[in-house]
Amino acid sequence: LLQIDDILPSRLRKIFEVKNIVENAFSSDEHKNIFTFIKIRQFFSKSDEGKKGNDLDEYFLSIIDSVFKEKKLELDFLLKFFMKKIRNTILDKKKDVSIKYYLIKDAIMNLMFFYNLNILQINEGVKMEDPIFNDFFEKYSMQLNMPEKRGLLLLGALVENLLYIQRTERGAEPFWHHLKSLKMNETEFKGLIPKVTEKLHQYDKLRTWDKKIISTINDYFLKSTVKWNMSVDEMNFYFSCGMSLKYDIYEIINNSYKKENQNEKS
């Protein structure tokens, strides 16, 4: 289906070096997360799950060709297909939550792979320091180089925390209707902050670390550009990334508070 000729050994070496970078970023001591082209293929096989055959082969093969021949990929093009698959999967009530969020992590791995291969251009942002989340943001620096992107990611984690509370206490997630099937715009994202804050109040679950995340989100949104220069797909992608990385984010902020308390006692 695809013939690739005259690939230099140095390019092959680069591909495997980047593969290791991506795997190390998403693996732990307990679990090795292997990166293969299957993680790309799942987003570029069928345009509709109801189709019998794969109608996105041409796109998939074009991406693989770009990987080996160092041809540029467009972020908007990739996110269009990433978000289509993510929306269909995350809104499917029959699918387990963990399956949904593993899919989003696969999308993040794909972008990291493309970026480190120098075939994905992401607009340069600004250098930002965050005493709590600095290492976390640095891990995904090529994607989180603007305050609005960071704010959206943290907002996704905050909302997922609320959804977890609703799943646990009510066996349902009524807050989902506020998320507009993950097709929200800038105004709707900013309007989520008071809504999720109020809901956490109602459940008596607005804890110190939630307040810190809310404060950080507001700070990033205030530092953002007057009008966000992102498509709806891109905004909702960073938001859904935060939902999938909720446990990482809350673990970071919990560890930060533990260190603060230890320093105060000493």
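*Asks:* Could you clarify how one ought to interpret the overall build of the chain in this entry?
*Replies:* Scanning the chain from N- to C-terminus turns up 11 helices and 0 strands. The order of helices and strands in the chain, counted from the N terminus, is α-α-α-α-α-α-α-α-α-α-α. Expected size for 266 residues packed as a compact globule is a radius of gyration near 18 Å; at 19 Å, the chain falls within 12% of this value. Projected onto the principal axes, the alpha-carbon positions of the chain cover approximately 60 × 45 × 40 Å. Going through the 266 residues of the chain one by one, you find that 47% of them count as buried. In the chain, the share of contacts with a sequence separation of at least 24, taken over all contacts with a separation of at least 6, comes to 72%. Accessible area for the chain stands at about 14,300 Å²; split by element, carbon and sulfur atoms hold 49% of it.

*Asks:* I would appreciate a short explanation of the pattern of salt bridges in the present structure.
*Replies:* Close approach of charged atoms lets side chains of opposite charge pair. Tallying each qualifying case throughout the model produces 17 salt bridges. For D55, the salt bridge identified is with K51, shortest N-O distance 3.9 Å. According to the relative accessible area criterion, K51 is partly exposed, its value standing at 36%. Ionic pairing is found between E169 and K205, a salt bridge with its closest N-O pair at 3.6 Å. Remark: K205 occurs in the loop between α8 (186–202) and α9 (208–223) and E169 occurs in helix α7 (residues 147–170); sequence separation between them is 36 residues. The exposure class of E169 is partly exposed, given its relative accessible area of 43%. In this structure K205 comes out as partly exposed when scored by relative accessible area, which is 31%. Salt bridges sharing common partners tie together K19, E23 and K32.

*Asks:* Would you mind showing me how to read the packing of α7 against α9 here?
*Replies:* Angle between the axes and distance between the axes are the two parameters that describe a pair of packed helices. Here α7 crosses α9 at 150°, and the two axes come no closer than 8 Å. It follows that α7 is roughly antiparallel to α9 by the angle criterion. As α7 packs across α9, the resulting crossing turns out to be left-handed. Here α7 contributes P147, E148, R150, G151, L152, L154, L155, L158 and N161 to the contact with α9, which in turn contributes D210, I213, I214, T216, I217, Y220, F221 and K223.

*Asks:* What am I meant to see in α9 here?
*Replies:* Note that an α-helix has 3.6 residues per turn; residues three or four places apart therefore point the same way. Taking 1.5 Å of rise per residue, the 16 residues of α9 would be expected to cover 22 Å, and the 23 Å separating its terminal C-alpha atoms lies within 8% of that figure. Looking only at α9, the buried set comprises D210, I213, I214, T216, I217, Y220 and F221. Projected down its long axis, α9 carries its buried residues within an arc of 165°, all on one side. Of the exposed residues in α9, the ones pointing more than 90 degrees away from its buried face are L222 and K223.

*Asks:* I'm lost on unusual backbone geometry in this one. Help?
*Replies:* Trans is the common state for peptide bonds, and a negative phi is the common state for residues other than glycine. Notably, K180 is not glycine yet its phi reads approximately 55°, a positive angle. Here K180 lies in the loop between α7 and α8. A positive phi angle, near 55°, is found at D204, a position not held by glycine. Residue position: D204 is located in the loop between α8 and α9. Look at D204 and you get exposed, because its relative accessible area is 69%.

*Asks:* So what exactly am I meant to see when it comes to the environment of K84 here?
*Replies:* Within the secondary structure, K84 sits in helix α4 (residues 75–90). In this structure the C-alpha to C-alpha distance between K84 and N118, which are 34 residues apart in sequence, comes to 25 Å. Side-chain polar atoms of K84 contact the backbone oxygen of S47, separated by 3.5 Å.

Conventions adopted
Residues numbered from 1 in each chain as written. Predicted model: local features only at pLDDT ≥ 70, side-chain atom pairs only at ≥ 80, totals over all residues. Heavy atoms only, no water. Helix = DSSP H or I, 4+ residues; strand = E, 2+ residues; numbered from the N terminus. Rg over C-alpha atoms; globule rule 2.2 N^0.38 Å. Buried < 20%, exposed > 50% of the residue type's maximum accessible area, 1.4 Å probe, protein only. Contact = heavy atoms within 4.5 Å. Areas by Shrake-Rupley, 256 points an atom, 1.4 Å probe, with all protein chains shown as cover. Salt bridge = Lys/Arg side-chain N within 4 Å of Asp/Glu carboxyl O. Axes fitted to C-alpha atoms, helices over the stretch in contact; angles between N-to-C directions. Parallel < 35°, antiparallel > 145°, perpendicular 65-115°, else oblique. Left-handed = near helix turned anticlockwise from the far one by under 90°. Expected span 1.5 Å × (residues − 1). Arc of directions from axis to C-beta. Polar contact = N/O pair within 3.5 Å; in protein donor to acceptor, adjacent residues only side chain to side chain.

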